[in-house]
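Reading the structure
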Amino acid sequence: MKKPSEKKMLPPRLPKSAIPHHVALVMDGNGRWAKQRGLPRTKGHEAGEAALFDVVEGALLIGVKELSAYAFSTENWRRSPDEVKFLMGFNREVIRRRRDQMNEMGVRIRWVGRPQKLWKSVMNELLEAEELTKRNKKLTLNMCVNYGGRAEIADAAALLAQDVAKKRIKPDQINEKLFSKYLDEPTMSDVDLFLRSSGEQRTSNFLLWQSAYAEMVFMDVLWPDVTRETLWKAIEIYAGRERRFGKA
Ligand code: IPE
Ligand code: IPE
Ligand code: MG
């Protein structure tokens with residue numbers, strides 16, 4: 001007989017077709033979590049680390065193949081210099097601290113975002129983790145650091161324009177499929193489930209192109225309180241949705 005606590009840790013039984021392939025996570029609510037406890041905002045970010053890696057384990061257990069975590073947006077540079085500095089250093093340390101564990105679990109880490117303004121030391125850490133884990137196949141974890149959906153689309157347009165100017169591509173060849181090859185991570189699959197914590201109901205510029213037909217699920221829980229069970233609950237909600245993709 002399993003103890004109830006162990007039993008609770010099993011993912012819900014759902015048909016394979018009801019499991020999202022790609023889940024996007026907007027990890028929101030760290031500041032409010034800290035404020036509720038009379039702590040500085042940075043303590044909320046620290047508490048959010050365990051939530052992310054519990055969700056990664058939950059994703060592996062239920063069979064999600066791709067997870068994109070919004071860690072720092074192109075708009076987050078607008079925060080106080082102290083918080084920006086903390087978040088840069090913190091992202092670097094989290095990647096360093098977790099990469100071997102992720103590697104052992106068969107997780108492939110990829111960095112998605114733009115290099116402009118990003119601390120070199122953070123980028124180097126991300127690139128090292130990518131290199132270390134590049135052969136892993138169980139789950140891909142896209143760490144979206146200095147990521148913005150509009151920036152990604154504008155950058156893609158600029159690259160594409162260069163290829164047109166160099167006559168490598170004719171304007172009439174441009175379609176959705178070709179355009180998507182110019183995005184930050186061309187092999188990223190479309191988002192099936194877009195999950196945001198903290199109760200806010202907006203995308204905040206996350207994976208705009210890739211989420212065109214994502215199912216949106218907003219959970220009323222602050223990110224540091226999120227666990228694998230929050231993911232599983234969101235997947236049950238997702239499984240109950242009817243996805244039509246424009247068809248009647
Ligand atoms: C999300 O939590 C973490 C990042 C954006 C880096 P917030 O810091 O946005 O927390 P709230 O929204 O202020 O509670
Ligand atoms: C989105 O959260 C960005 C990340 C989670 C990294 P924000 O807290 O920055 O979003 P807004 O400002 O509430 O829209
Ligand atoms: Mg927020």
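Described below are features of the structure shown in this document.

**Quick word on the site of ligand 2**
In the neighbourhood of ligand 2, the contacting residues comprise V26, M27, D28, Y70, A71, F72, N76, R79, R196, R202 and S204. Separating an oxygen atom of ligand 2 from a side-chain N or O atom of D28 is a distance of 3.2 Å. Between ligand 2 and R202, the relevant distance is 2.8 Å, taken from an oxygen atom to a side-chain nitrogen or oxygen of the residue. The fraction of the free accessible surface of ligand 2 (390 Å²) that becomes covered by protein chains is 77%. Class assignment of the residues belonging to the shell around ligand 2 gives a composition of five nonpolar, two polar and four charged.

**Examining the environment of N103**
With respect to the helices and strands, the residue N103 is situated in helix α4 (residues 81-104). For the pair N103 and T133, spaced 30 residues apart in the sequence, the C-alpha separation amounts to 5.6 Å. Setting aside residues up to four positions removed in sequence, N103 forms contacts with L132, T133 and N136. At 2.8 Å, the side chain of N103 and the side chain of N136 are in polar contact.

**A look at the packing of helix α3 (residues 41-62) against helix α8 (residues 228-239)**
Between two packed helices, the angle of one axis relative to the other and the distance separating the axes together describe the packing. Relative to each other, α3 and α8 sit at 50 degrees, their axes nearing to 7 Å. In this view, α3 runs oblique relative to α8, as classed from their interaxial angle. Along this stretch, α3 crosses α8, giving a crossing that reads as right-handed. Contacts between α3 and α8 involve D54, V55, E57, G58, A59, L61 and I62 from the first element and R228, L231, W232 and I235 from the second. Of the residues assigned to the contact of α3 with α8, the class counts are seven nonpolar, one polar and three charged.

**A look at the packing of α3 against α4**
Their axes nearest at 11 Å, the elements α3 and α4 cross at an angle of 30 degrees. Relative to α4, the element α3 lies roughly parallel. For the pair α3 and α4, the crossing hand works out as right-handed. Contact with α3, carried on its side by R41, T42, H45, E46, E49, A50, F53, V56 and E57, involves E83, F86, L87, F90, V94, R97, R98, Q101 and M102 of α4 and no other residues of that element. Across the contact of α3 with α4, the residue classes tally to eight nonpolar, three polar and seven charged.

Cut-offs and rules
Residues numbered from 1 in each chain as written. Chains lettered and ligands numbered in written order. Predicted model: local features only at pLDDT ≥ 70, side-chain atom pairs only at ≥ 80, totals over all residues. Heavy atoms only, no water. Near = heavy atom within 4 Å. Polar contact = N/O pair within 3.5 Å; in protein donor to acceptor, adjacent residues only side chain to side chain. Areas by Shrake-Rupley, 256 points an atom, 1.4 Å probe, with all protein chains shown as cover. Nonpolar A, V, L, I, M, F, W, Y, C, P; charged D, E, K, R; others polar. Helix = DSSP H or I, 4+ residues; strand = E, 2+ residues; numbered from the N terminus. Contact = heavy atoms within 4.5 Å. Axes fitted to C-alpha atoms, helices over the stretch in contact; angles between N-to-C directions. Parallel < 35°, antiparallel > 145°, perpendicular 65-115°, else oblique. Left-handed = near helix turned anticlockwise from the far one by under 90°.

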